[in-house]
Structures are given as structure tokens and as C-alpha cells.
Amino acid sequence: MERHGGGAEPVVRLVNVTKRIGKRTIIDNLTFDVPPGEVFGFLGPNGSGKTTTIRMMVGLMRMTSGEIYIKGRSIRTEFEAAVRQVGAIVENPEMYKFLTGYQNLVHYARMLPGIGKRRIDEVVELVGLSDRIHDKVKTYSLGMRQRLGVAQAILHRPALLVLDEPTNGLDPAGIRELRDYLRHLAKHEGTTVLVSSHLLSEMELMCDRVAIIQQGRLVDVRPIRRDAGAEKLEILFEVDRPDTASEVLDGVVLRTESGGIVVTAGREETADINARLVAAGVRVYGIRTVTKSLEDQFLEVTGGGRIG
Amino acid sequence: MADFLNLVRNENMKIYYRVRTWVMSAILLVLPLAMSIIGRFVDDSPNMWSYVMLESGLMTMLLSIFAVVMAADSVAGEFSNGTIKLLLIRPWSRNKILLSKYLALLCYIVLNLAVFFALTLLLNFVLFGGGDSGSSIPSGWSPFGYVTAWYGLNLIEMAVVATMAFMISSVFRSGGLAIGLSIFALLGSGIISSLLSLIDKPWIDYVLFMHFGLERYLNAGELFRGHSLGFSLGVLAGYYVLFLALSWYVFNRRDVAA
Ligand SMILES: Nc1ncnc2c1ncn2[C@@H]1O[C@H](COP(=O)(O)OP(=O)(O)O)[C@@H](O)[C@H]1O
Ligand SMILES: [Mg+2]
């Protein structure tokens, strides 16, 4: 199996995934990997194709072309082996309303090998539904349904947990609890979590990395730095002698442009580089970022406003 | 690998944990009970077999309707409630999931028909005793043999109609359409077949509606348009296979966007 940069094999690989419905291209040549053990965000405005991508990932929809692998198994040709690794909620967690929460879990447990009563009880406890689990689902609030949805998704300890807009309908406390829980799953149980959202603020708090998608196309995949100052950006230094500057900053310079050099640097490094240039007698006329911050990029995608 | 029977158990759970199912079965039990008991008091010359046939005719019609409701809900209900998504993302092929639904439906029909068959025989034997069958059973048949054959043919018809509803449910994901069309076929087949037989074309003989009401073949000399029981069963079998093929083909290929 192909390895990436010495890291572990990606849990999900999308390769040139395209979905056309009629003449419309809803997902356009999407390619990205989800590394193991991360909380991976799938960020995009409403209608950008997040749910469609997730549906293809779990085999609910066919791809027009391309391939999706879950832990190396193709969802198209090895559906059962691939989907066994996955627990998911796609859009709303719809359950059988005329059954109790517990009966719903028994229903899903029966479809998976080796899930006994003990595991069901454990999961019920974990999502905090013990008091109401024997009530009919039709009496549940949206928040309780979300919890039951998470319970059915983690029943078989999947390697990959996929949650489509899981914070919809949750109050701030519920969102916080979910966020902590997902980070716990990723850190301590080694579960890879893929969450979609149209809210940047949520993704920033929850995720290690986000893929940004717009109109079915991948805009960027980038890590999220918890400490905003540490985010490395491409910085352009406008200088009088780019070649000299390049020599001074031996190895740091990304590329030379007419009238300047481009480096990758965080906040402090930018100041250091400036000091070195000035000390070497290079005249610095301006310093500005070339790459956009995550927020800039997302605001551009959403046309300035966050669609709420 | 978890057992396939678990899938059937799940489908059974979704049928029998609903109040609706028990209301329907209660109707199937209470109606004949009431008919026989009233008959016991008001009928001057009661006869066990005439009550068996009277109740069976009514009950199989009701059970057909209930079976159609079950079949219609089986696939379409999962789509309209959105539960289909969580059902299909399990390590089971769509083929097997659909098969489990279909088997649970057949079990429901067979179970109800068997219980009702036993009930009506027992109930009317207790109330009216064995005795002469009078004119309720065609000559040349033992009463029990006739009733058994009658139930067998009705089971076949019920399976065909329920499979049609199941197919519409799977293809159009609409329970209402499945119920409407199938009940129309059930209740309207008599009128439609009379109308169709006015048209003197050979293809008429292959129309589904011309082959409901199989029990008429049990009465010798009442051959409809010169068909034999074997021919009617053959045509029904053809439609049955077509319904199943359509259900499976569409269910397997469908993009689930519910
Ligand atoms: N079954 C469908 N038929 C046609 N268009 C669809 C279908 N499902 C989704 N779409 C379109 O695909 C686009 C992406 O939708 P979706 O994946 O639900 O976006 P998101 O989850 O990011 O809000 C939307 O423009 C939507 O209108
Ligand atoms: Mg969506």
C-alpha cells in the first residue's frame, strides 16, 4: 500500500470523484485524503455538495466517475468490506419512531457481527441516553435524536465516523459536548472523524484539518492551527534586490519574483526575516501575505457572508 | 458475519411492533367470530361449511388489502421516513436487505392466512358441528379438500398482488401509489376482465386482471374464456417474476437521496 510522507495510510481516499445528475455536475473531480486519527472538517456553503459527497462515501449514491476507498477498500466494488469500517449520520438522524431508542439500537446491532447487549448498554451510557432509552423515539427531542444517531454510528467501533452537519439542532452546550466527544474519540480511540459544516467557526474549534468545497469543487485542504499566530502563510517581501535577499535568506526563500521574494513564515518568523534583510542592507519596501487565511478563503467562497 | 436471519428478524420487528398490525389482525379475528355467533342464534338451518366459505371470502379480501398496505410500506416507508439511509449503510448488500423485507412480508401473509384458516374451521365446527355441506361446496369435493384448495389458490393470488404492491413501493418509493394501484387491481379486476373480454384480441389472455379469481377453476365446467388453471397460473407466474425482477433491479441501482 502506498504511503504518504511516511505517515499512515489515509482512512478515506477520494480520487477524481465526479457526480452528475442529468446535465448538472454536482461534484466535480474531487480528490483528497483523510489521514487517520484526525477530526477532519468538510466545509462549504449550503448546496456546495457536502451531503452528496458523504452519500457517495457510504454507498448511498453512485459516483458518475472516480473512486472512493475506505481503508483501502473500494466502496463501489467492495461495498460490504468498506462500509463495515464506517459509522455515519447522513443529514438528519432518522430512526424508527414507533420503536424505542433501545429497539432501534438492537435493530442496527443485529446487522453487525459481535455486538451484544453489553456494548449497546455501554454506548447508551456514553451518549447519555440511559434515562430515556426505553421510550419511543417519537417522544425524543432533536437533541436526543442526535445522541441516538451518534449511538448507532459508534456501535461497532468504526474506524471512520462520518457526521453530516451534526450540530444542526443542538444547543450551544450540546455542540460543546459533541465537540469534546469527537476530539476524545479521535485522540483516545483512534477513530477518524469526518464532520461537515457550513460554519467556519465550528470547524475551527473542532477540526485538525479542513477541506473547503464550493460548487462541488475542492478549493483547498489545510490544517487548522489552534494558535492563529502560528499559522504559516506565504509572505511577499518587496525588496530592491531580490537576488541578494535570496542569498541572505539561504534556503528559506520559496521563489523569487520581480520586485520581491516569497517565503513561508509565521508571525514571528516574518519579523525575524525582515530584521535579517535590513541588517544585510536590503531595502524592504513592503511586506504582505500572498496566501489567504482560512477565514479570507472561506469568506471569498461564501461571497462575504456566512450562510446561516 | 452476522446471520441473514437477523435481517428478517429486524423486518418482523418493524411489522409486529406497530399497533396498526395488531389492529388489522384483530379485525381478521373478531369479524368471523361475530358473524358465526350471530349466525348461531338467527340461522334456522346453519351449516358449518357455508359459514366457513362466507367468512373466508370476506377475510381473504381484507387480508389482501392489509398485505398490500404492508407491502406498500415496506420499502416506500423507509424512504419517506428517511430511515433507508441508516439501513443501507450496513455491511449487507441491497439484494439481501430487500430479500429480508420480502420474506418478512410473505411470512406475514402466510401466518395470517394459516391462523385464519384454522380459526374459521375450528370456530364453525364448534358452533355448528360437522354435518352435511349442503350447496356451499361444489359436488365432487370433500369439504375439507375444497376449502384447503381454495385457500391455496387465494394464497397464490395474495402473493401476486402483494408482490405487485412491493414492486410499486420499491420502484416509485410511494406507498400511496402502491396501495392505490394494488387495491384497484384487487377490487377492479372483475370489472376490468369483463370489459376486456369484450375486446376480441389474443393479447387479452395475457393481461394480469384476467387471471384473478382462481377459485372459479375449482368449480368444474366454469372455465373462463377457455383458460385452464395451469394457463392462469403460468401467466400469474410470469407477472410475479417480472414484479420481483423490477423490484430488485430498481432497488439495487437507486441513488438514495431521501
Ligand atoms: N437528487 C438530486 N437531484 C438533483 N440535484 C441534487 C440532488 N441532490 C442534491 N442536488 C443538488 O446538488 C447540490 C449539492 O447538494 P448537497 O450535497 O445537499 O449540498 P450540501 O450538503 O453541501 O448543502 C445542490 O445544488 C443540490 O441542489
Ligand atoms: Mg447537506
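If you're wondering where the values come from, they're calculated on a predicted model, not measured in any experiment. (Residues numbered from 1 in each chain as written. Chains lettered and ligands numbered in written order. Predicted model: local features only at pLDDT ≥ 70, side-chain atom pairs only at ≥ 80, totals over all residues. Heavy atoms only, no water.)

*Asks:* Quick rundown of the overall build of chain B? Include the residues and the values.
*Replies:* Across its full length, chain B holds 8 helices and 0 strands. In sequence order, the secondary structure elements of chain B are arranged as α-α-α-α-α-α-α-α. Rg of the C-alpha trace for chain B: 20 Å, near the compact-globule value of 18 Å for 258 residues, within the 12% margin. Oriented by its inertia axes, the alpha-carbon framework of chain B measures out at about 60 × 45 × 30 Å. Sorting the 258 residues of chain B into buried and exposed places 50% on the buried side. Of the roughly 11300 Å² that chain B leaves accessible, carbon and sulfur atoms contribute 70%. Side-chain charges in chain B split into 16 positive and 14 negative, and the spacing between the mean points of these groups amounts to 17 Å. (Helix = DSSP H or I, 4+ residues; strand = E, 2+ residues; numbered from the N terminus. Rg over C-alpha atoms; globule rule 2.2 N^0.38 Å. Buried < 20%, exposed > 50% of the residue type's maximum accessible area, 1.4 Å probe, protein only. Areas by Shrake-Rupley, 256 points an atom, 1.4 Å probe, with all protein chains shown as cover. Lys, Arg positive; Asp, Glu negative; His and termini not counted. Charge placed at Lys NZ, Arg CZ, Asp CG, Glu CD.)

*Asks:* Report on the site of ligand 1, specifying residues and quantitative values.
*Replies:* All residues in the neighbourhood of ligand 1 are listed as Ile21(A), Arg24(A), Ile26(A), Pro45(A), Asn46(A), Gly47(A), Ser48(A), Gly49(A), Lys50(A), Thr51(A), Thr52(A) and Ala257(B). Of the chains in the model, those with residues near ligand 1 are chains A and B. Within the side chain of Arg24(A), one N or O atom sits 3.0 Å away from an oxygen atom of ligand 1. The side chain of Thr52(A) places a nitrogen or oxygen atom 2.5 Å from an oxygen atom of ligand 1. Elements with a minimum of two residues in the shell around ligand 1: β2 (24-34) and α1 (50-57) of chain A. The element best represented in the shell around ligand 1 is α1(A), accounting for 3 residues. Residue classes in the shell around ligand 1 are distributed as 4 nonpolar, 6 polar and 2 charged. (Near = heavy atom within 4 Å. Polar contact = N/O pair within 3.5 Å; in protein donor to acceptor, adjacent residues only side chain to side chain. Nonpolar A, V, L, I, M, F, W, Y, C, P; charged D, E, K, R; others polar.)

*Asks:* Can you tell me about the environment of Asp121(A), naming the residues and giving the values?
*Replies:* Following the sequence through the fold, Asp121(A) ends up in helix α4 (residues 117-126). It is 8.8 Å that separates the C-alpha atoms of Asp121(A) and Tyr102(A), two residues lying 19 residues apart in sequence.

*Asks:* Kindly report on the sheet that holds strand β13 (residues 260-265) of chain A, identifying the contributing residues and their values.
*Replies:* Residue and element names in this part refer to chain A. Here we have 4 strands laid out as an open sheet, ordered β12-β13-β11-β14, and antiparallel in their pairing. Only two strands of the sheet have a single neighbouring strand rather than two, namely β12 (253-257) and β14 (284-289). With strand direction ignored, the average angle separating the axes of adjacent strands in the sheet is 20°. As paired elements, β12 and β13 share 4 bridges and run antiparallel to each other. When the sheet's bridge partners are listed, Thr256 is paired in β13 with Ile261. (Pairing = 2+ DSSP bridges. Axes fitted to C-alpha atoms, helices over the stretch in contact; angles between N-to-C directions.)

*Asks:* I'd like a rundown of the nonpolar core, residues and numbers included.
*Replies:* Residue and element names in this part refer to chain A. Counting 157 residues, the largest nonpolar core has Val12, Ile68, Ile70, Ile120, Leu182, Leu194 and Val195 as its most contacted members. In this structure Ile70 touches Val11, Val12, Met57, Ile75, Ala82, Gln85, Val86 and Leu160, once residues within four positions along its chain are discounted. In this structure, Leu233, Phe237, Leu249 and Ala265 belong to the second largest nonpolar core, which totals 13 residues. (Core = buried A, V, L, I, M, F, W, Y, C linked by side-chain atoms within 4.5 Å. Contact = heavy atoms within 4.5 Å.)

*Asks:* I'd like a rundown of the side chain of Glu67(A), residues and numbers included.
*Replies:* Residues and elements named next belong to chain A. With respect to the helices and strands, the residue Glu67 is situated in strand β4 (residues 65-70). At 2.9 Å, the side chain of Glu67 and the side chain of Ser74 are in polar contact. Within the local environment of Glu67, its side chain forms a polar contact with the side chain of Arg76, the two groups lying 2.8 Å apart. Contact partners of Glu67, with chain neighbours within four places excluded, come to Arg13, Leu14, Val15, Val17, Ser74 and Arg76.

*Asks:* Any details on the interface of chain B and chain A? Residues and values, ideally.
*Replies:* Taken together, the contact between chain B and chain A spans 32 residues of the former and 28 residues of the latter. Considering only the surface of chain B that becomes buried against chain A, Ile89(B), Arg90(B) and Pro91(B) emerge as the three largest contributors, covering 21% of it. Run the count over chain B and chain A and you get 2 salt bridges. Between Lys19(A) and Asp255(B) there is a salt bridge; the shortest N-O distance is 2.5 Å. (Buried area = accessible area lost by both parts, 1.4 Å probe. Salt bridge = Lys/Arg side-chain N within 4 Å of Asp/Glu carboxyl O.)

*Asks:* Go over the packing of aromatic side chains with me, naming the residues and quoting the values.
*Replies:* One pass over the structure, following the stated rule, counts 16 aromatic pairs over all chains. Between Trp141(B) and Tyr146(B), the aromatic rings sit 5.7 Å apart at their centres with planes inclined by 75°, giving edge-to-face as the arrangement. Residue Trp141(B) is classed as partly exposed on the basis of its relative accessible area, which comes to 33%. Taken together through their ring pairs, the aromatic side chains of Phe117(B), Phe144(B), Trp150(B) and Tyr151(B) make up a single cluster. Here Arg18(B) stacks its cationic end above the ring of Phe98(A), 4.2 Å away from the centre of that ring. Sitting over the face of the ring of Phe79(B), Arg173(B) holds its NZ or CZ atom 5.6 Å from the ring centroid. (Phe/Tyr/Trp six-rings, centres within 6.5 Å; stacked < 30°, edge-to-face > 60°. Lys NZ or Arg CZ within 6 Å of the ring centre and 35° of its normal.)

Treat this as a map of the structure, not an account of what it does.
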